[in-house]
Amino acid sequence: ATAQILAGITPNPPDPALKRFVEADAFKEHQQWMTSSWNQVRNRIQTMEAWRTHEIKIAGAQKKTLIYPFSGPDFLNAYAFFPDHGRYVFFSLERPGTLPDLESVTLVQFTKLLQDVRSAFRDIFERNYFITSYMTKQLTTPWIRGTVPVMATMMALMNRRIIRIEPLDLFPELTHAYDAPEAKRPPVVMRAVRIEFANPNASGTQQLYYVGLDATDKALEFYPDFLNWVGQYKQATVLIKSASYLLHDQQFSKTRTMLLDAADIVVQDDTGIPYRYINQNPWQVKLYGRYHRPIRPMRYGYQKDLEVAFNSRQEQSSLPFPFGYHWRGQQSGLIVAHR
């Protein structure tokens, strides 16, 4: 019910404890904004779904895991592309946090909370990605804390029923050790959550694991089994988008190696695994859309070999939706690699 209210949806079945919020003017205004924004986004999602049905066929998806590194709270794209996977594993720097406790909120605070929700959704609705530098502020307001409120709201918008959200401690002995006053701690102490949710039109449930941690090689020394934990889910589907070219950096070489080992299909933009790693056996690559040089602050991500590959294709395959940093018009590019 909380996720539905954040999504501008009147809870069904009604929740008496939340009745005062549903009747508030602030909710009606929020509902209007969310409905009109979501209608536009839904058109984009339908285009993505139609494209995916045609271009990415995954057998036995219910038994597969989707791994989404540097995801932030982007459940939207993961689910639009891969709605049938049984398990989703996201990891990124942002903390998971919790859903706000609406029952303890005043109507004045509720108005502010809904403003924070709109602020958190503006970029993903308009551009189809989150801006990392803004996210720090958007996900640390007094009311929106961490990725969980945003992911839960997306689930509500996509008509998925949230069954439970529970904190998860993957390595309790390490958590305990790092809690000690004198301990040498990682730069970001790992926090994780598991969300179980269901499609009302299908049987069974799906699981989303979200882990907040620093995935640089150096920081992973504090969690030496984390990449083994993610990599156990092979043969996985891997999604990477708007990832600031982090996997081009030697600081993330262990994460890159794990992804290449665990994946049997990679769907990414040019900010993901550098082209030279997948432009060879055992990978087969298909390119869609267009290649553009990276946006100004990320010029270091330019890949000449990828630009040549895009420009020398025999068959130009278009991309009818925005994906990555070149989101205006039909300017995006997408890479699909099958093992």
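All values derive from a computational prediction rather than experimental measurement.

Undergrad: Which residues make up the overall build of the chain, and what values do they have?
TA: Looking only at helices and strands, one finds 13 helices and 9 strands in the chain. Against the globule reference of 20 Å for 339 residues, the chain gives a C-alpha radius of gyration of 20 Å, in line with a compact fold. Dimensions of the chain along its principal axes, counting C-alpha atoms only, are 60 × 50 × 40 Å. Looking at the chain residue by residue over its 339 residues, the buried ones come to 55%. For the chain, the proportion of contacts with a sequence separation of at least 24, taken over those separated by at least 6, is 73%. For the chain, the exposed area adds up to about 15,900 Å²; of that, 49% sits on carbon and sulfur atoms.

Undergrad: How would you summarise empty space enclosed by the protein if you had to cite specific residues and measurements?
TA: On inspection of all chains with the given rule, the structure shows 1 cavity of 30 Å³ or more. A volume near 130 Å³ is recorded for the largest cavity. Taken together, 16 residues make up the lining of the largest cavity; nearest its centre are D269, D270, R290, H326 and G333. For the lining of the largest cavity, the residue count by class is 6 nonpolar, 7 polar and 3 charged.

Undergrad: Residues and numbers for the packing of aromatic side chains, please.
TA: For the structure shown, the criterion picks out 27 aromatic pairs. Between W51 and F321 the ring centres are 5.5 Å apart and the planes differ by 75°, which places this aromatic pair in the edge-to-face class. In this pair, W51 sits in helix 3 (residues 25-55) while F321 sits in the loop between helix 13 (304-311) and strand 9 (333-338), placing the two residues 270 residues apart along the sequence. With respect to class, W51 is no different from F321; both count as buried. Where Y79 meets F197, the ring centres are 5.8 Å apart and the plane angle is 65°; that geometry is what we call edge-to-face. A residue pair is termed long-range when its members are at least 10 positions apart, and Y79 in helix 4 (residues 75-81) and F197 in strand 4 (residues 191-198) qualify at 118 residues. The exposure classification of Y79 matches that of F197, with both residues buried. Counting every residue linked through ring pairs, the aromatic cluster contains F70, F91, Y209, F226, W229, Y233 and F252. Against the face of F323 rests K241, its NZ or CZ located 5.5 Å from the ring centre. The ring of Y302 has R293 sitting right over it, with the charged end atom 4.1 Å from the ring centre.

Undergrad: Which residues make up the pairing of strand 5 (residues 206-212), and what values go with them?
TA: Within strand 5, 6 of the 7 residues are buried, which leaves it mostly tucked inside the rest of the structure. Two strands pair when backbone bridges link them, and strand 2 (residues 87-92) and strand 5 are joined in this way by 6 bridges, in the parallel orientation. What sits directly across from V89, in strand 5, is Y209. Across 7 bridges, the pairing between strand 4 and strand 5 is antiparallel. When the bridges of strand 5 are listed, V193 appears paired with Y210.

Criteria and thresholds
- Residues numbered from 1 in each chain as written.
- Predicted model: local features only at pLDDT ≥ 70, side-chain atom pairs only at ≥ 80, totals over all residues.
- Heavy atoms only, no water.
- Helix = DSSP H or I, 4+ residues; strand = E, 2+ residues; numbered from the N terminus.
- Rg over C-alpha atoms; globule rule 2.2 N^0.38 Å.
- Buried < 20%, exposed > 50% of the residue type's maximum accessible area, 1.4 Å probe, protein only.
- Contact = heavy atoms within 4.5 Å.
- Areas by Shrake-Rupley, 256 points an atom, 1.4 Å probe, with all protein chains shown as cover.
- 1 Å grid on protein atoms, 1.4 Å probe; cavity = no way out; pocket = protein on both sides within 12 Å on 5 of 7 lines; lining within 4 Å.
- Points joined across faces, edges and corners; volume = space filled by probe spheres on them.
- Nonpolar A, V, L, I, M, F, W, Y, C, P; charged D, E, K, R; others polar.
- Phe/Tyr/Trp six-rings, centres within 6.5 Å; stacked < 30°, edge-to-face > 60°.
- Lys NZ or Arg CZ within 6 Å of the ring centre and 35° of its normal.
- Pairing = 2+ DSSP bridges.

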